[in-house]
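Summary of the model geometry
Residue strings, one per chain:
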Amino acid sequence: MTPPDSKGFSLIYGLRAWLAIVLFTLPSMLVVIALPGRDRRRRAAHGSARALFRLLGVPLQVRGLEHLPAACIVAANHASYLDGVILTAALPPRFGFVIKREMNEVPLAGLLLRRIGSEFVERFNRHKGGTDARRVLRTAASGHSLVFFPEGTFTPEVGLGKFHTGAFAIAARAACPVVPAVIRGTRRNMPATRVLPRPGALEVRYGAPILATAVQGTHDDPALALRDRSRAAILAELGEPDLDTRATGTDG
């Protein structure tokens, strides 16, 4: 029998995984897009994501669901294209994603993201970015739960990158708790430099929620205090190097 860590096994698994993804994911996306009602579409996306990992034979373990309040902001590390799919499977369907606006232009994927109520944010135009941030703030302040990847993107380098402050500024202004989330396994299964997925278990772990009131006095700006404490919580559980050499307390 071919050992699971051999190159031959990895190649066969990767090709079979892509075939399964194409044959299952594309029809599932079309079904989700066509369904009426955002909540129904989110439930269908959640179920489809969970079914995909079962089809791929990838164990997905989720810990700490009891830490998720009725309304909160989840801030997670980002290492792979799989991360959004994993959190779609690992979070209750009420959560919406905050995503860089470039994804809105990706054929089919952009339409799917719009249909499940994702919030798109401009990163390069300050005026448009400000308008988007105000819209996301209104969403959070009205009691909707959101997911951010505060690193903004991912790179081949192993470790936790610098966190941008946008998610935490919104959390502070909306008086919304931040739940730090750690995703493990995606950097191995499908890193930035790899085309074919590898087999391997995945894990999502949610930490205790962090309130802006709980970090008062630790920093002049509550958003920066939320950012630093959330990042420290993720770094402590992630088991990867700290790639941010920024002096503690400076703005990002």
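Regarding the packing of helix H2 (residues 38-55) against helix H3 (residues 83-90)
Direction vectors running N to C along H2 and H3 enclose 110°, while the axes themselves pass 7 Å from each other. Our classification of the angle between H2 and H3 gives roughly perpendicular. With respect to the hand of their crossing, H2 and H3 are arranged in left-handed fashion. Taken together, the residues of H3 that come into contact with H2 (itself represented by Ala45, His46, Ala49, Arg50, Leu52 and Phe53) are Val85, Ile86, Thr88 and Ala89. Looking at the contact of H2 with H3, its residues break down into seven nonpolar, two polar and one charged.

Remarks on the pairing of strand S3 (residues 96-100)
The element S3 is largely enclosed, with a buried count of four among its five residues. Relative to strand S5 (residues 146-148), S3 runs parallel, the two being bridged by two bridges. The residue of S5 that forms the bridge with Phe97 is Val147. In this structure, S3 lies alongside strand S4 (residues 119-121), joined through three bridges in parallel fashion. By the bridge assignment for S4, Lys100 is matched with Val121. Traced from S3 through helix H4 (residues 109-115) to S4, the parallel crossover comes out right-handed.

What counts, and at which threshold
Residues numbered from 1 in each chain as written. Predicted model: local features only at pLDDT ≥ 70, side-chain atom pairs only at ≥ 80, totals over all residues. Heavy atoms only, no water. Axes fitted to C-alpha atoms, helices over the stretch in contact; angles between N-to-C directions. Helix = DSSP H or I, 4+ residues; strand = E, 2+ residues; numbered from the N terminus. Parallel < 35°, antiparallel > 145°, perpendicular 65-115°, else oblique. Left-handed = near helix turned anticlockwise from the far one by under 90°. Contact = heavy atoms within 4.5 Å. Nonpolar A, V, L, I, M, F, W, Y, C, P; charged D, E, K, R; others polar. Buried < 20%, exposed > 50% of the residue type's maximum accessible area, 1.4 Å probe, protein only. Pairing = 2+ DSSP bridges. Right-handed = clockwise from strand over helix to strand, strands pointing away.

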